[in-house]
Amino acid sequence: MIPPLKGTDDAHKAIVWMEEFRCNYMPVIDDGKLLGFISEEIIFERNEVDKPVRDFALVGQQCYVHLDTHFYDILKVAAEHKLQMVAVLNEQLTYCGVITVQDTLTSFAQTAAVQLPGGILVLSMNFNDYSLSEISRLIEENHAKILSSIVKEDPLDANKIRLTLKINQQEMSRIVATLERFNYKVIGRYQENKPIAGEKDRIDMLLRYLDI
């Protein structure tokens, strides 16, 4: 729903649109191609509101995804470029629109992995010890299923990873005991006893899931 600026549009128009659409950045295109993103800060640094936006030091020229990109990758690209929106391009790299981080989180929060009741486990391990099939087998021996999983580098130790699992059970004591018996280190557990109703609650749960 956020329209792109043309490269020939002046900076004053960019400021007006940013205020109208309540966003900190606006995409800039030229002949259907992404030139980058402009912000009020970029404009005020030069203080030339009559200049066309293509003449400014635009950012995020590589901040784009394709039409079939997964939620995770959209969030990753946004985080890498420190922007709250990502351009969407087709196979010919023609601009199709933008998706905001908030839009992505809202859509992701509708997925079964977030909606269904269950619990979240966070494991820390050496990357060489990571085997989702083995961990899944141990969990399924306790009559549970993994609904979703996320792997990311442990912020406290670059040689380790953190594995976040959404499991379709609220009571996880037996699962934790089984994992620990096989030398898996469980560093966090969170329980959800009922389906998540409100959009804010779903997004809060998703953020907890993604950011542990």
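Cut-offs applied
- Residues numbered from 1 in each chain as written.
- Predicted model: local features only at pLDDT ≥ 70, side-chain atom pairs only at ≥ 80, totals over all residues.
- Heavy atoms only, no water.
- Pairing = 2+ DSSP bridges.
- Helix = DSSP H or I, 4+ residues; strand = E, 2+ residues; numbered from the N terminus.
- Axes fitted to C-alpha atoms, helices over the stretch in contact; angles between N-to-C directions.
- Contact = heavy atoms within 4.5 Å.
- Buried < 20%, exposed > 50% of the residue type's maximum accessible area, 1.4 Å probe, protein only.
- Polar contact = N/O pair within 3.5 Å; in protein donor to acceptor, adjacent residues only side chain to side chain.

*Asks:* What's the story with the sheet that holds strand S6 (residues 95-100) in this structure? I'm lost.
*Replies:* To summarise the sheet geometry, strands pair through backbone hydrogen bonds and adopt either a parallel or an antiparallel arrangement. Judged by pairing direction, the sheet is mixed, and its three strands sit side by side in the order S4-S5-S6 without closing on themselves. If you trace the sheet from one side to the other, it starts and ends with strand S4 (64-66) and S6, each paired once. Direction aside, the axes of adjacent strands within the sheet are offset by 35° on average. Summarising the sheet, strand S5 (residues 85-89) and S6 pair through five bridges and their orientation is antiparallel. Each residue of the ladder has a partner; that of Met85, found in S6, is Thr100. On top of the sheet, helix H3 (residues 71-81) reaches S4, S5 and S6; it is set at about 165° to S4, its chief contact.

*Asks:* Just to check I follow, could you spell out unusual backbone geometry for this structure?
*Replies:* Most peptide bonds adopt trans geometry, and most residues besides glycine take a negative phi value. In this model, Arg22 sits at a positive phi of 55°, which is unusual for a non-glycine residue. Residue position: Arg22 is located in the loop between helix H1 (11-20) and strand S2 (25-30). Of the residues examined, Arg22 reaches a relative accessible area of 79% and is grouped as exposed. We note that Asn47 has phi near 55°; this positive angle belongs to a residue other than glycine. Residue placement: Asn47 occurs in the loop between helix H2 (40-46) and S4.

*Asks:* Can you help me understand the side chain of Thr100 in this one?
*Replies:* Examined against the element boundaries, Thr100 turns out to sit in strand S6. Residue classification places Thr100 among the buried residues on the basis of a relative accessible area of 15%. Within the local environment of Thr100, its side chain forms a polar contact with the backbone nitrogen of Asp103, the two atoms lying 3.0 Å apart. Look past the residues within four positions of Thr100 in its chain and what remains in contact with it is Ile2, Gln84 and Met85.

*Asks:* What am I meant to see in the sheet that holds strand S3 (residues 33-39) here?
*Replies:* One open sheet holds the three strands; their spatial order is S1-S2-S3, and the pairing between them is mixed. The sheet terminates laterally at strand S1 (5-6) and S3, the two strands that pair on one side only. Taken together, the two bridges between S1 and S2 define a ladder with parallel strand orientation. If you follow Lys6 over to S2, its bridge partner there is Ile29.

*Asks:* What am I meant to see in the pairing of strand S7 (residues 118-126) here?
*Replies:* Residues in a regular strand point their side chains to alternate faces of the sheet. Of all nine residues in S7, eight are buried; the element is thus mostly enclosed. By the bridge criterion, eight bridges tie S7 to strand S9 (residues 157-167) in an arrangement that is antiparallel. Bridge pairing in S9 places Gly119 opposite Ile167.

From the geometry alone we can't say anything about function, so treat these as descriptive.
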